[in-house]
Amino acid sequence: MTDPKLAVSTDHGRYYTHPATGELLISVTNVIGACTSKPALVPWAAKASNDRAWQVLPRMVSALRRPTDCRPASSAARREWEPCGQCRPCLEREIKGHHAVIRDSAADLGTRVHALAEAHVTGASHVMDPESEPYVQQYLRFLADYSIDINAGHIESAEMSVASPRIGYAGTLDLLAHLRLDAFLGDRKPPKLLPGDQRALWLIDIKTSATRPASSIYDEYILQLAALRYATEMWLPDDTVEPMLRGIRGAAVLNLRVDDYALIPVPALPDAHKVFCSMVGAAKWRHGDPAKALLPTTPAGGIPQTRARRAPRKVA
């Protein structure tokens, strides 16, 4: 994931500002995040907290003697407050929030790898960092293995924002490359090698992970690539809006790992795009907070008076 020029952060996730109309369009990943279930996240977060608890076990033992929260009660005082990491409440917050630290760190790594991959394709100046370098080396290995020559025009585009304003979404594709592979046929049939010097245009999305194997794949990747593939327009760096490139023959996920990579073709076909489009309205509906203004009612049809909360009963 990169930080596209026209992307904006909102209370409901990422949206894009259309360069010509100024219309806000929901991002592809935002739609998928709002409408798909990710059951693996809960056990992953629990494991992350459990691992952190074992790492800070000596501090947990010491914190038993410091049950009082060092965090100030007033929100104004909290602006200057720094967690002590020693009292029990501070330690509990640290353990419970550790999964978010891991998530943000992974997102930052992914952003840096995407930026470095783009810089390699465009020839932009860049500075390699030790954490990103192994992933970039696997990206370069992929380019070499699939005979992708940047100087020969085998890269059509990198990190380009595309949109479908009529449906109401936008997103950023990672790579459009000409491969010597025919279209993905599905049903576990691998794409065939094209004869001679023939090449086909492929839409490729780059994924990084420090823990998952290179062969890992998720259903939502198919929806993401279908949304990008069947967008109706593309936004050039100078904010010019052009019709979307046609003739994309295949779509694939490029999983980059520290010591390996895998290119996995996916069926980003019209049926998947139809499913995604049905999700756009659902995501926007959720972002409208439809239940926010709902209130209880009384038997007479009015709104009940607010009752003071009863203090919790102390256990002897």
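Up top is the structure.
Notes on the structure follow. Bear in mind that the values here come from a model prediction, so they are computed numbers and not experimental data.

Both the distance between ring centres and the angle between the ring planes are used here to describe each pair of aromatic rings. According to the stated counting rule, one finds 6 aromatic pairs in the structure shown. Ring geometry for Phe-142 and Tyr-146: centres 5.2 Å apart, planes at 45 degrees, overall tilted. Here the aromatic rings of Phe-142 and Tyr-261 are separated by 6.0 Å at their centres, their planes lie at 70 degrees, and the arrangement is edge-to-face. Placement of Phe-142 in helix H7 (residues 133–145) and of Tyr-261 in strand S10 (residues 261–265) is noted, with a sequence separation of 119 residues between them. Tyr-261 sits in the buried class, given a relative accessible area of 11%.

Here the focus is the packing of helix H2 (residues 41–55) against helix H6 (residues 98–122). Running from N to C, H2 and H6 point in directions that differ by 110 degrees, and their axes come no closer than 8 Å. One element, H2, and the other, H6, form an angle in the roughly perpendicular class. Mapping the contact onto sequence places Trp-44, Ala-45, Ala-48 and Arg-52 in H2 and His-98, His-99, Ile-102 and Arg-103 in H6. Residues of the contact of H2 with H6, tallied by class, amount to 4 nonpolar, 2 polar and 2 charged.

Axis separation between H2 and helix H5 (residues 88–96) bottoms out at 8 Å; the angle between their running directions is 135 degrees. Put simply, H2 runs oblique to H5. Contacts between H2 and H5 involve Ser-49, Arg-52 and Ala-53 from the former and Glu-94, Ile-95 and Lys-96 from the latter. Taken together, the residues of the contact of H2 with H5 break down into 2 nonpolar, 1 polar and 3 charged.

Take the pattern of salt bridges next. All chains considered together, the criterion is met by 13 salt bridges. A salt bridge links Arg-112 to Asp-129, with the nearest nitrogen and oxygen atoms 2.7 Å apart. Note that Arg-112 is positioned in helix H6 and Asp-129 in the loop between H6 and H7, a separation of 17 residues in sequence. Judged by relative accessible area, which is 23%, Arg-112 ranks as partly exposed. The exposure class assigned to Asp-129 is buried, which follows from its relative accessible area of 19%. The partner of Lys-207 in a salt bridge is Asp-205, with the nearest N and O atoms 2.9 Å apart. Across the pair, Asp-205 and Lys-207 agree in class, each one buried. Overlapping salt bridges, with partners in common, bring together Asp-108, Arg-112, Asp-129 and Glu-131 in one network.

Right, let's talk about the nonpolar core for a bit. With 32 residues, the main nonpolar core has Val-162, Tyr-169, Leu-173, Leu-203 and Phe-276 as its most contacted residues. Among the elements of the structure, helix H1 (28–35), strand S4 (155–164), strand S5 (169–179), strand S6 (200–208), helix H8 (219–229), strand S9 (248–256) and helix H9 (270–287) are those that each provide at least two residues to this core. Broken down by element, this core gets its largest block of residues, 6 residues, from H8. With sequence-adjacent residues up to four places away left out, Leu-173 is seen in contact with Ala-158, Glu-159, Met-160, Val-162, Leu-203, Leu-228 and Met-244. Ranked by size, the runner-up nonpolar core spans 25 residues in total, among them Val-121, Ala-158, Ile-206 and Ala-252.

Right, let's get into unusual backbone geometry. Even without being glycine, Asp-239 reaches a positive phi, approximately 70 degrees. Residue placement: Asp-239 occurs in the loop between strand S7 (233–235) and strand S8 (241–243). Asp-239 gets classed as partly exposed once you look at its relative accessible area, which sits at 29%.

This brings us to the state of the cysteines. This model, assessed by the stated rule, comprises 0 disulfides. There is no disulfide at Cys-70, and the cysteine sulfur nearest it, in Cys-90, is 3.4 Å away.

Looking at the element boundaries, Asp-174 is found in strand S5. Dropping the residues within four chain positions of it, Asp-174 is found in contact with His-114, Ser-157, Ala-158, Glu-159, Ile-204, Asp-205 and Ile-206.

Rules used throughout
- Residues numbered from 1 in each chain as written.
- Predicted model: local features only at pLDDT ≥ 70, side-chain atom pairs only at ≥ 80, totals over all residues.
- Heavy atoms only, no water.
- Phe/Tyr/Trp six-rings, centres within 6.5 Å; stacked < 30°, edge-to-face > 60°.
- Helix = DSSP H or I, 4+ residues; strand = E, 2+ residues; numbered from the N terminus.
- Buried < 20%, exposed > 50% of the residue type's maximum accessible area, 1.4 Å probe, protein only.
- Axes fitted to C-alpha atoms, helices over the stretch in contact; angles between N-to-C directions.
- Parallel < 35°, antiparallel > 145°, perpendicular 65-115°, else oblique.
- Contact = heavy atoms within 4.5 Å.
- Nonpolar A, V, L, I, M, F, W, Y, C, P; charged D, E, K, R; others polar.
- Salt bridge = Lys/Arg side-chain N within 4 Å of Asp/Glu carboxyl O.
- Core = buried A, V, L, I, M, F, W, Y, C linked by side-chain atoms within 4.5 Å.
- Disulfide = S-S within 2.5 Å.

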